[in-house]
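Single-letter residue listing:
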Amino acid sequence: MRLITASLASSLFLAACSNADIQTPAVSSDTTLKLTQVVAEAEFPWGMVFLPNGDLLFTEKEGGLKRVAGGEGTPVAVSGMPEAYTERQAGYLGLALDPDFGTNRLVYVAYSKGNAADNMTAIIQARLSDDGNALENVTEIFAADTRNTALHYGARLQFAADGTLYATLGDGFAFMDLAQDPKATHGSVIRINADGSIPEDNPFADGTVGHPAVWSYGHRNPQGLYYDADTDTLYSTEHGPKGGDELNLIRKGANYGWPTVTYGVNYDGTIITSKTEAEGMEQPLTYWVPSIAASGLTKLTSDVYPGWKGDLFTGGMNGPAGLKLVRIDMEDGKVAGREDLLAGDAEGFPIRDVIQGPDGHLYVATKNMDGIYRVDVVE
């Protein structure tokens, strides 16, 4: 168990950076937190969901699908996953439960399919066996455009209230220009039915000017996705290059600009574009310069953490300003401020995913070989 005081470091850091994100004010709170490790043996955990019975289901990038009975203890492998391509950022990735899981026991997993020369983000649907130890009737319901890189898969999954499934797809790094082509799936958020068919009200459903599955485009590498059932709103966080990580409100048929506009630069410091905005392209609700490698996204709906109900939370996975949990203060659907949490530790925490558990607590999965933790309040 590690004890951390929620800290606010961004204001000092931003003041020292001439190109820093100054459009979102810093906020602070006096809450003291501790992380209670609940899954000690997770290696490169990626996506997490809680089952109705309290079991924790999660993916490991190279280890497949795992289950923790009761949400705490030693994970056991869930058999039946297809073989994944597991180089660099490729592997077993996003995870979601069917809205009717209680009756049909269907789960959905995004993973990297193929090989070095020809791979893609694919999504499977499968039934979790009654004992929770195997996948049955595994069916591929979607496969994105192919590429020959092991980078930028996106791969977060979220169901909406109407039963449709949203998924984020990265630009494949070397294929970033295709993010501006709605006929391509690179750099997009897609929307499909639970069986993989195309909803009739998708913006490009007829395939004439865009890919039938594409809901929005112009994304780089979106690794956070949250559907707010209270407001029928879809939010996403995505990685910018060097700077320019974003929180976006995802709209039907909208273009989010990458790589025509960005608040970031290439990793070597060279300019991608001089534009940070353009007509017909969406602006983020907030952005980060320097980068935090924003990953995972959830909304707090419980009263566990005083004053934070209704706020969004995303992980900072890497980058010069990463290794933390970020609270995004939301008021009337707009970002009112940001607070950096769990950043007081000298090493910090590279957080890959964050979800709310059935007990109302936030749970975070770290990027490397640390595991999955519950975020507790110190009374």
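Everything below is about the structure shown above.
Rules behind the numbers
Residues numbered from 1 in each chain as written. Predicted model: local features only at pLDDT ≥ 70, side-chain atom pairs only at ≥ 80, totals over all residues. Heavy atoms only, no water. Core = buried A, V, L, I, M, F, W, Y, C linked by side-chain atoms within 4.5 Å. Buried < 20%, exposed > 50% of the residue type's maximum accessible area, 1.4 Å probe, protein only. Helix = DSSP H or I, 4+ residues; strand = E, 2+ residues; numbered from the N terminus. Contact = heavy atoms within 4.5 Å. Pairing = 2+ DSSP bridges. Polar contact = N/O pair within 3.5 Å; in protein donor to acceptor, adjacent residues only side chain to side chain. Salt bridge = Lys/Arg side-chain N within 4 Å of Asp/Glu carboxyl O. 1 Å grid on protein atoms, 1.4 Å probe; cavity = no way out; pocket = protein on both sides within 12 Å on 5 of 7 lines; lining within 4 Å. Points joined across faces, edges and corners; volume = space filled by probe spheres on them. Nonpolar A, V, L, I, M, F, W, Y, C, P; charged D, E, K, R; others polar.

**Student:** Please provide a residue-by-residue account of the nonpolar core, values included.
**Tutor:** Counting 23 residues, the largest nonpolar core has Tyr108, Ile123, Phe142, Leu157, Leu165, Ile190 and Ile192 as the members making the most contacts within it. Secondary-structure elements contributing two or more residues to this core are β7 (92-97), β8 (106-115), β10 (135-143), β11 (157-159), β12 (165-169) and β13 (188-192). Excluding residues within four positions of it along the chain, Leu165 makes contact with Tyr108, Ile123, Ile141, Leu157, Gln158, Phe159, Ile190, Arg191 and Ile192. Ranked by size, the runner-up nonpolar core spans 19 residues in total, among them Leu65, Ala84, Leu95 and Val109.

**Student:** Just give me the short version of the pairing of strand β3 (residues 45-50), but keep the residues and values in it.
**Tutor:** Across the six residues of β3, six count as buried, placing the element largely inside the fold. In terms of strand pairing, β3 meets strand β4 (residues 56-60) through four bridges, oriented antiparallel. Note on β4: the bridge partner recorded for Val49 is Leu57. Remark: five residues form the turn of the hairpin made by β3 and β4, two consecutive strands paired antiparallel; Gly54 in that turn has positive phi of roughly 95°.

**Student:** Let's hear about the side chain of Lys66: which residues, and what values?
**Tutor:** Looking at the secondary structure, you find Lys66 in strand β5 (residues 64-68). A distance of 2.7 Å separates polar atoms of two side chains, one belonging to Lys66 and the other to Glu60. Among residues more than four places away in sequence, those in contact with Lys66 are Leu56, Leu57, Phe58, Glu60, Pro75, Val76, Ala77 and Val78.

**Student:** Which residues make up unusual backbone geometry, and what values go with them?
**Tutor:** With the exception of glycine, the majority of residues adopt a negative phi angle, and the majority of peptide bonds are in the trans configuration. At the junction of Trp258 and Pro259, the peptide bond is cis and its omega measures out at -5° in the coordinates. The topology assignment puts Pro259 in the loop between β17 (245-250) and β18 (286-288). Along the chain, Val289 connects to Pro290 via a cis peptide bond; the corresponding omega equals 0°. A positive phi is found at Arg105, a non-glycine position, where the angle reads about 55°. Mapped onto the secondary structure, Arg105 falls in the loop between α2 (101-104) and β8.

**Student:** Got a sec to walk through the pairing of strand β24 (residues 362-366)? Specific residues and values, please.
**Tutor:** Here β24 lies mainly inside the structure; five of its five residues are buried. Across the two faces of β24 the burial is the same, with Leu362, Val364 and Thr366 and Tyr363 and Ala365 all buried. Pairing of strand β23 (residues 351-356) with β24 involves five bridges; the strand directions are antiparallel. Bridge pairing in β24 places Ile351 opposite Thr366. Following β23, the chain reverses through five residues before pairing antiparallel with β24; Gly360 in that reversal takes a positive phi of roughly 85°. Following β24, the chain reverses through five residues before pairing antiparallel with strand β25 (residues 372-377); Gly371 in that reversal takes a positive phi of roughly 130°.

**Student:** An account of the pattern of salt bridges is needed here, citing residue identities and associated values.
**Tutor:** Under the counting rule described, the total for this entry stands at 18 salt bridges. Arg191 is the salt-bridge partner of Asp162, the closest N and O atoms lying 2.9 Å from each other. You can see Asp162 sitting in the loop between β11 and β12 and its partner Arg191 sitting in strand β13, a full 29 residues away along the chain. A relative accessible area of 51% places Asp162 in the exposed class. Taking the relative accessible area as the measure of exposure, Arg191 reaches 3% and is therefore buried. The partner of Arg191 in a salt bridge is Asp201, and the shortest N-O contact between them spans 2.8 Å. With Arg191 in strand β13 and Asp201 in the loop between β13 and β14 (214-217), the pair connects residues that are 10 residues apart, well separated along the chain. On the basis of relative accessibility, which here comes to 41%, the residue Asp201 falls in the partly exposed class. Through salt bridges with shared partners, a single network forms among Arg105, Arg127, Asp130 and Glu136.

**Student:** So what about the layout of surface pockets? Which residues, and what values?
**Tutor:** The computed volume of the largest pocket comes to approximately 830 Å³. In terms of lining, the largest pocket is formed by 35 residues, of which the most central are Val49, Gln158, Tyr226, Ile355 and Gln356. For the lining of the largest pocket, the elements supplying multiple residues, two or more each, are β3, β7, α2, β11, β15 (221-228), β19 (294-299) and β23. Taken together, the residues that form the lining of the largest pocket break down as 19 nonpolar, nine polar and seven charged. Size it by volume and the second largest pocket reaches roughly 470 Å³. Along the walls of the second largest pocket sit 27 residues, with Gln89, His239, Ala293, Met317 and Asn318 positioned nearest its centre. Elements with a minimum of two residues in the lining of the second largest pocket: β3 and β15.

**Student:** An account of the environment of Tyr153 is needed here, citing residue identities and associated values.
**Tutor:** Positionally, Tyr153 belongs in the loop between β10 and β11. Accessibility expressed as a relative area gives 2% for Tyr153, which makes it buried. In sequence terms Tyr153 and Gly94 are 59 residues apart; their C-alpha atoms lie 10.0 Å from each other.

**Student:** Quick one: what's the story with the environment of Gly269, residue by residue and with numbers?
**Tutor:** As for its placement among the helices and strands, Gly269 is situated in the loop between β17 and β18. On a C-alpha basis, the gap between Gly269 and Lys242 in space is 7.6 Å, while along the polypeptide they are 27 residues apart.

In short, geometric facts, not functional conclusions.
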